[in-house]
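# Coordinate analysis (summary)
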Amino acid sequence: MNLRNRYLMKTTILFITLAFISSRTLAAGCPTGPAPTTYGTNNVWIGYVFDGTSFNTYSGTINEGNASSPNFDEGFGGSNTNFNTIEGCAVQTETFSVRYKLTQSFADADYTVVVGADDGYRLSVDGGANWIINNWNLQSYTTTTQTIHLNGATNLVLEYYENSGDNRVSFNITKTCSGSGDPSAYGTNNQWIGYVYSG
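Residues numbered from 1 in each chain as written. Predicted model: local features only at pLDDT ≥ 70, side-chain atom pairs only at ≥ 80, totals over all residues. Heavy atoms only, no water.

## Brief notes about unusual backbone geometry
- Residues Asp 118 and Asp 119 are joined by a peptide bond in cis, for which omega reads 25 degrees.
- Along the chain, Asp 119 turns up in the loop between strand E6 (96-118) and strand E7 (120-124).
- The phi angle at Asn 43 is positive, at roughly 75 degrees, despite the residue not being glycine.
- By secondary structure assignment, the location of Asn 43 is in the loop between helix H1 (3-28) and strand E1 (45-51). (Helix = DSSP H or I, 4+ residues; strand = E, 2+ residues; numbered from the N terminus.)

## Quick word on the packing of aromatic side chains
- Evaluated as defined, the whole model comprises 16 aromatic pairs.
- Relative to Tyr 160, the ring of Phe 76 has its centre 5.8 Å away and its plane inclined at 5 degrees; by these criteria the two rings are stacked. One end of the pair, Phe 76, is in the loop between strand E3 (72-74) and strand E4 (82-84); the other, Tyr 160, is in strand E9 (residues 142-162), with 84 residues separating them in the sequence.
- By relative accessible area, which is 3% here, Phe 76 ends up buried. (Phe/Tyr/Trp six-rings, centres within 6.5 Å; stacked < 30°, edge-to-face > 60°. Buried < 20%, exposed > 50% of the residue type's maximum accessible area, 1.4 Å probe, protein only.)

## With respect to the pairing of E9
- As paired strands, E6 and E9 are joined by 20 bridges and run antiparallel to one another. Note on E9: the bridge partner recorded for Arg 99 is Glu 159. (Pairing = 2+ DSSP bridges.)

Following this line, the structure appears as structure tokens:
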């Protein structure tokens, strides 16, 4: 074998080896198989990320919220870019979807929920059986506000998909203020009672 052929053979072997190592490195952080179904706790959502707008290929997890609040506003690093899941899998932000899950305990009260996204989003408080907010459309960033009654452990599911252009998803929940007592009662002894109303 002449010197030129040896050089070509070594170059080819090196190229194939590097391509193999590179492909294994890129795929190393991407999980295989179906997405887990575990719910986040302590105000921290587990977001199961998928390549494709219809929860096509499971690509790993992200977290939203923090120990003090489940509220979040996520932009995924911008439009037409890549962001990494916790496992290190790079996801392209043009066509992807996320299923967020959180088990949260609520005091017996009314709550105001504001969910928004570019593009589609929907929220369930019963593990995904029913959607109390359902805005599953291609759209620029839009929000939906809903007042709901919650009591005790609640399985929240927030689903989101991005198809093109900008990408963003947000969640905010606050306890709705409600008064007690009889607003028809009058103050006495030169002391007023003031009844405060929203709106």
